[in-house]
Amino acid sequence: MGRVAIVTGGSRGIGAAIARTLKEEGHQVAATYGGNDEAAAKFTEETGIKTYKFDVADYEACKAGIAKVEEDLGPVEILINNAGITKDAPFHKMTPEQWNAVINTNLTGVFNMTHNVWVGMRDRGFGRIVTISSINGQKGQFAQANYAASKAGDLGFTKTLAQEGASKGITVNAVCPGYIATDMVMAVPEKVRDQIVAQIPVGRLGEPEEIARCVAFLTSDDAGFVTGATISANGGQYFA
Ligand code: CAA
């Protein structure tokens, strides 16, 4: 059965793979994006998936953006909190701006989106929420105090809402990707990236589609007994 799904940060990288996969599963998908108009236009042209531009760090923008999606497609039944940024720096060099930007997008953004679909999901007795956390929220990562804190926060958020949503037909889960071949990982200096790949037992970066398939399972009607879970998809780099 097709459902209405929103994927944040859905026009590029892992989010784009998730949006495409959910569409293939028969869902009506809306992809949000923060700033890259060109990538969003290309994505819509290729996939037919409509994009919505707003900042997940802005509560009122999320409220208005979700209202627009609901006007276009109907009540949101599936939310994928994927939008995320990095601003890496060793802690002694990390600025309050770098800290706040990452927390506001990766953690508060998840609150902003989820809070604006939660009551509707409760009232209708169905919901699927998946948040894309990270291996680095599980194990920590040099130069990522902000990012690791935000992604670890996403896991605590997920486990709490899983408890609150369980009696209302809402499942809330997280996926922790390892290093995936996206713009974000490609921005890591090549030498550092090579060192990272050397730590991945499968011997390569992951593909965005490998994360999308985890999300497809968690959002399926068949996955109603899976809630509060964290699926690690990291090529064996870390066993949480
Ligand atoms: N462990 C221990 N020490 C490290 C280190 C590491 N992983 N990386 C760097 N260092 C050390 C350096 O050797 C250097 O030591 P000395 O000062 O004693 O020489 C020190 O840290 C500082 O190095 P730099 O001067 O090069 O630091 P910089 O201010 O230029 O910052 C950096 C460089 C931001 C750390 C850069 O190396 C970097 O981007 N590293 C990658 C961080 C990373 O893995 N980010 C993940 C991005 S992908 C992602 O986040 C997606 C996901 O979910 C998985």
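Here the structure is shown first, and the text comes after it.
Please read these numbers as outputs of a predicted model, since none were measured by experiment. (Residues numbered from 1 in each chain as written. Predicted model: local features only at pLDDT ≥ 70, side-chain atom pairs only at ≥ 80, totals over all residues. Heavy atoms only, no water.)

Enquirer: For this particular structure, what's the right way to read the sheet that holds strand E5 (residues 127-132)?
Expert: Paired through their backbone hydrogen bonds, the strands of a sheet run either parallel or antiparallel. Strand order in this open sheet of 7 strands is E3-E2-E1-E4-E5-E6-E7, and the pairing throughout is parallel. Looking along the sheet, the strands with just one partner apiece sit at the ends: strand E3 (50-53) and strand E7 (230-233). Put simply, the sheet's adjacent strands are angled 20° from each other on average, direction ignored. Taken together, the 4 bridges between strand E4 (residues 78-81) and E5 define a ladder with parallel strand orientation. Each residue of the ladder has a partner; that of Asn81, found in E5, is Thr131. Helix-sheet contacts for helix H2 (residues 37-47) involve strand E2 (28-33) and E3, and the interaxial angle to E3 is about 160°. Each of E4, E5, strand E6 (170-177) and E7 is contacted by helix H9 (residues 208-219), which is oriented at about 165° to E6, the strand it contacts most. (Pairing = 2+ DSSP bridges. Helix = DSSP H or I, 4+ residues; strand = E, 2+ residues; numbered from the N terminus. Axes fitted to C-alpha atoms, helices over the stretch in contact; angles between N-to-C directions. Contact = heavy atoms within 4.5 Å.)

Enquirer: Mind showing me how you'd approach the site of the ligand here?
Expert: Near the ligand, the surroundings consist of 20 residues, among which Asp88, Lys93, Ser134, Gln144 and Tyr147 are the closest. The side chain of Lys93 places a nitrogen or oxygen atom 2.7 Å from an oxygen atom of the ligand. The contact in question runs from an oxygen atom of the ligand to an N or O atom on the side chain of Gln141, over 3.3 Å. Notes on the ligand: free accessible area 1100 Å², of which the protein chains cover 56%. (Near = heavy atom within 4 Å. Polar contact = N/O pair within 3.5 Å; in protein donor to acceptor, adjacent residues only side chain to side chain. Areas by Shrake-Rupley, 256 points an atom, 1.4 Å probe, with all protein chains shown as cover.)

Enquirer: So what exactly am I meant to see when it comes to the pairing of E4 here?
Expert: Put simply, side chains in a regular strand alternate between the two faces of the sheet. Residues of E4 alternate between two faces, with Ile78 and Ile80 on one and Leu79 and Asn81 on the opposite face, all of them buried. Both strand E1 (residues 4-7) and E4 contribute to a ladder of 3 bridges, which runs parallel. Across the sheet, the residue bridging to Val7 is Ile80, located in E4. Handedness of the β-α-β unit built from E4, helix H4 (residues 96-124) and E5 comes out right-handed. (Buried < 20%, exposed > 50% of the residue type's maximum accessible area, 1.4 Å probe, protein only. Right-handed = clockwise from strand over helix to strand, strands pointing away.)

Enquirer: Mind showing me how you'd approach the packing of helix H1 (residues 13-24) against H9 here?
Expert: With their axes 8 Å apart at the nearest point, H1 and H9 run at an angle of 50° to one another. By the angle between their directions, the pair H1 and H9 is classed as oblique. Crossing of H1 against H9: the hand is right-handed. Listed contacts from H9 to Gly13, Ile14, Ala17, Ile18, Thr21 and Leu22 of H1 are Pro208, Glu209, Ile211, Ala212, Val215, Ala216 and Thr219. Residue composition of the contact of H1 with H9, by class: 9 nonpolar, 3 polar and 1 charged. (Parallel < 35°, antiparallel > 145°, perpendicular 65-115°, else oblique. Left-handed = near helix turned anticlockwise from the far one by under 90°. Nonpolar A, V, L, I, M, F, W, Y, C, P; charged D, E, K, R; others polar.)

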